[in-house]
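Reading the structure
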Amino acid sequence: CWLMAARLDWGNAAARDAVAAIEGIPGVDRIGNSHRLRVQVPGGEDLQVRVVARPMGDAARTDKLADVARYELYPSKRMAVVFVSDHASAQSIERAMQHEIGELREEISGLAGKVDVLKRGKLEPGARLSAHDAGRVQELEWLGKKLTASAGTPAEQELRHEIHALIEDLGLRGGMKHADARM
């Protein structure tokens, strides 16, 4: 029984970290003292988001990689549930929440493209940012703010590395083939 209580507290800590991570995201507010959020959607009704911590990924995997967060969207109800890993670090959860909020906003707006355009390779004519792309842009903005705040600290170099890796992964590095089409 003590193991169940410890696991429940660990999961609650992850959910608290996720709710705390939304501070500073414009248009996102906590609803009362709960694990629920109100997310403003440009040009639309607010979206209510519930945050739940739980085990993520496949327990049979030996590489120990798993999602930090993912969501389920219920557009007709203007609701979503963001699931966060009950074993992720607070910083990983903070970054993941930035991504998920950006992705949810784009998804619920109805303007999201169906194919990711922020990736290496040729850009299709008329392509639009997908919901996943919007989440990655939100991550990049968050990393930029963290970098500015960390100037002159040991974290600065790690954040620079993260930003460069994300820019590379998104196919946005200057001089990279087809990068100009994405700018």
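Right above here is the structure, for reference.
Residues numbered from 1 in each chain as written. Predicted model: local features only at pLDDT ≥ 70, side-chain atom pairs only at ≥ 80, totals over all residues. Heavy atoms only, no water.

The subject of this paragraph is the packing of aromatic side chains. Aromatic rings in a pair are described by how distant their centres are and how their planes are angled relative to each other. All told, the structure shown has zero aromatic pairs when counted by the stated rule. When the ring centre of Phe83 is taken as reference, the NZ or CZ atom of Arg54 above it lies at 3.9 Å. (Phe/Tyr/Trp six-rings, centres within 6.5 Å; stacked < 30°, edge-to-face > 60°. Lys NZ or Arg CZ within 6 Å of the ring centre and 35° of its normal.)

The residue Arg95 is located in helix H2 (residues 90-109) in this model. A relative accessible area of 17% means that Arg95 is categorised as buried. In this structure, Arg95 is in contact with Glu139, Trp142, Leu143, Glu162 and Leu166, ignoring residues within four places of it in sequence. (Helix = DSSP H or I, 4+ residues; strand = E, 2+ residues; numbered from the N terminus. Buried < 20%, exposed > 50% of the residue type's maximum accessible area, 1.4 Å probe, protein only. Contact = heavy atoms within 4.5 Å.)

The next subject is the nonpolar core. In terms of nonpolar packing, the biggest core is built from 29 residues, with Leu37, Leu47, Val84 and Met97 touching the most fellow members. Elements with a contribution of two residues or more to this core: helix H1 (2-21), strand S2 (36-39), strand S3 (47-54), strand S4 (69-74), strand S5 (79-85) and H2. Among the elements that take part in this core, H2 stands out by supplying six residues, more than any other. Not counting chain neighbours up to four residues away, the residues in contact with Leu47 comprise Leu37, Arg38, Val39, Val41, Leu73, Arg78, Met79, Ala80, Leu104 and Ile108. Residues Val117, Leu159, Leu166 and Leu170 belong to the second largest nonpolar core, which totals nine residues. (Core = buried A, V, L, I, M, F, W, Y, C linked by side-chain atoms within 4.5 Å.)

What follows covers the sheet that holds S2. Across the sheet, which stays open at both edges, the five strands sit in the order S1-S2-S3-S5-S4 with mixed pairing between neighbours. Whereas interior strands pair on both sides, the edge strands pair on one side only; in this sheet they are strand S1 (28-30) and S4. The mean angle between the axes of side-by-side strands here comes to 25 degrees, regardless of whether they run parallel or antiparallel. Running at roughly 25 degrees to S4, H2 makes contact with S1, S2, S3, S4 and S5 of the sheet. (Pairing = 2+ DSSP bridges. Axes fitted to C-alpha atoms, helices over the stretch in contact; angles between N-to-C directions.)

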